[in-house]
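# Secondary and tertiary structure notes
Single-letter residue listing:
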Amino acid sequence: MFFQSKRWNAVGKHCYITGGSSGLGLALAKMLTAQGAHVSIVARDSDKLAAALSEIEAFRRSKDQILQSFSYSLFTAEESRAALEAVMARHNGVAPDAIFLCAGKAIPRYFVEYTEAELIDGMNYGYWVQAWTAWIVTQKMVAQRRQGNIVFVSSTLGLMTIPGYSGYSPCKHALRGLADTLRSELQLYGIDVHIFFPPTMFTPSYEEENRIKPKLTLKIEEADGGLTAEQAAAGLLKGFKKGQAHITADMMTDFFRASTRGSAPVNNWILDGLIDFAAGIWVPIWLTITNRQIHAHRDEHYRHLKDSGFFAE
Ligand SMILES: NC(=O)c1ccc[n+]([C@@H]2O[C@H](COP(=O)([O-])OP(=O)(O)OC[C@H]3O[C@@H](n4cnc5c(N)ncnc54)[C@H](OP(=O)(O)O)[C@@H]3O)[C@@H](O)[C@H]2O)c1
Ligand SMILES: CCCCCCCCCCCCCCC[C@@H](O)[C@@H](N)CO
């Protein structure tokens, strides 16, 4: 935040990381543990959680750090409340200091090929899995009159979009709407809200989504160099410690951030102006190239629909 004077220090802070058993969440859990935080992770798969917790243990800085994991699905308010209660138990029922909402995944498909269930799942994995925890944690913080930080995890696709993500990108845009609203409203309670927009991250869920990803999406994504989970987590923490509302970890996403800032505060008055100016030139050029790719893919796409039986009665 613009007027934030003191950098956030992890030592002794209780950090609750959803999706902490894998990818970005796990990388973040290790970094925060190494920096002296108490870390709680939540995800569904108990085996993955146990393996993650032993990896996190290796980064412990002091014997006093509380490192714990819990298995919950966070798709509903009820489950998200139960997870938070479990996470707070060893902290005497006190709300965490910082919440990092990393749980989620993408199911990329052409709009016409999604099933109804996949579109509903898309909203659960892309929006509700973070929104419910944010709602419940905020209620707890306010009831306990505790100040803290909430960090949402969107995507580059929460600022722009490409074909193949109609079941994901709208959810990540919705998260941005929620984060921006809360950044404004939760000033009432001294709660700081941030949102991270990672590009491609080479994680297990990226490998999984690539197995079903439309060819055209894969092709357009070639322009995105991508980051490891560790690089992305380091970028997230850097922006978070600077108090940034909108956090990015790569130049491509920064173009879309600076040129679609809306009512979010600037990260840097001069740099943001320059990036916005450059985006005004480069984004239309990229869009022209991308639109050509889409048009050139039409025949192949119709063949794909025919071969997959889409036109069959
Ligand atoms: N990878 C990318 O290219 C990319 C790019 C931009 C943004 N993102 C976003 O970044 C975040 C992290 O992604 P990642 O690539 O690090 O994924 P990942 O490696 O698959 O990790 C996802 C984590 O979320 C957990 N999770 C999923 N559904 C859950 C649920 N219903 N309840 C509780 N935990 C759940 C997973 O564990 P369980 O499955 O065991 O529950 C896992 O711990 C996601 O929000 C994703 O949308 C990813
Ligand atoms: C401004 C000029 C350069 C623009 C290049 C843009 C290329 C855009 C490619 C899309 C990037 C998407 C990255 C995020 C993907 C994840 O959210 C997804 N893998 C879901 O897990």
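This text gives an overview of the structure that appears in the document. Note that the coordinates shown come from a computational prediction; the quantities given were computed from them, not determined experimentally.

So, about the overall build of the chain. Summing up its helical and strand segments, the chain has 11 helices and seven strands in all. Here the C-alpha atoms of the chain give a radius of gyration of 20 Å, agreeing with the 20 Å that 2.2 N^0.38 yields for 313 residues. Dimensions of the chain along its principal axes, counting C-alpha atoms only, are 60 × 45 × 35 Å. The burial tally for the chain puts 50% of its 313 residues in the buried class. Summing over all exposed atoms, the chain offers an accessible surface of approximately 15,100 Å²; the carbon and sulfur share of this is 56%. Charge separation in the chain, taken as the distance between the mean sites of 32 positive and 31 negative side-chain charges, equals 7 Å.

With parallel pairing, seven strands are arranged side by side in an open sheet as S3-S2-S1-S4-S5-S6-S7. Looking along the sheet, the strands with just one partner apiece sit at the ends: strand S3 (67–71) and strand S7 (246–247). Here five bridges tie strand S1 (residues 14–18) to strand S2 (residues 38–43), and the two strands are oriented parallel to one another. Residue pairing in the sheet places histidine 14 in a bridge with histidine 38 of S2. Contacts from helix H2 (residues 46–57) reach S2 and S3, with the element oriented near 170° to S3.

Now for the pairing of strand S6 (residues 192–196). Counting buried positions along S6 yields five of five residues, so the element is predominantly enclosed. On S6, burial covers both faces: Asp192, His194 and Phe196 on one face and Val193 and Ile195 on the other are all buried. Examined bridge by bridge, strand S5 (residues 149–153) and S6 share five bridges and lie parallel to one another. Considered in S6, the bridge of phenylalanine 152 is made with isoleucine 195. For the crossover from S5 across helix H5 (residues 169–185) to S6, the handedness is right-handed. For S6 and S7, the ladder comprises two bridges, and the chain directions are parallel. Bridge pairing in S7 places phenylalanine 196 opposite isoleucine 247.

Scoring rules and cut-offs
- Residues numbered from 1 in each chain as written.
- Chains lettered and ligands numbered in written order.
- Predicted model: local features only at pLDDT ≥ 70, side-chain atom pairs only at ≥ 80, totals over all residues.
- Heavy atoms only, no water.
- Helix = DSSP H or I, 4+ residues; strand = E, 2+ residues; numbered from the N terminus.
- Rg over C-alpha atoms; globule rule 2.2 N^0.38 Å.
- Buried < 20%, exposed > 50% of the residue type's maximum accessible area, 1.4 Å probe, protein only.
- Areas by Shrake-Rupley, 256 points an atom, 1.4 Å probe, with all protein chains shown as cover.
- Lys, Arg positive; Asp, Glu negative; His and termini not counted.
- Charge placed at Lys NZ, Arg CZ, Asp CG, Glu CD.
- Pairing = 2+ DSSP bridges.
- Contact = heavy atoms within 4.5 Å.
- Axes fitted to C-alpha atoms, helices over the stretch in contact; angles between N-to-C directions.
- Right-handed = clockwise from strand over helix to strand, strands pointing away.

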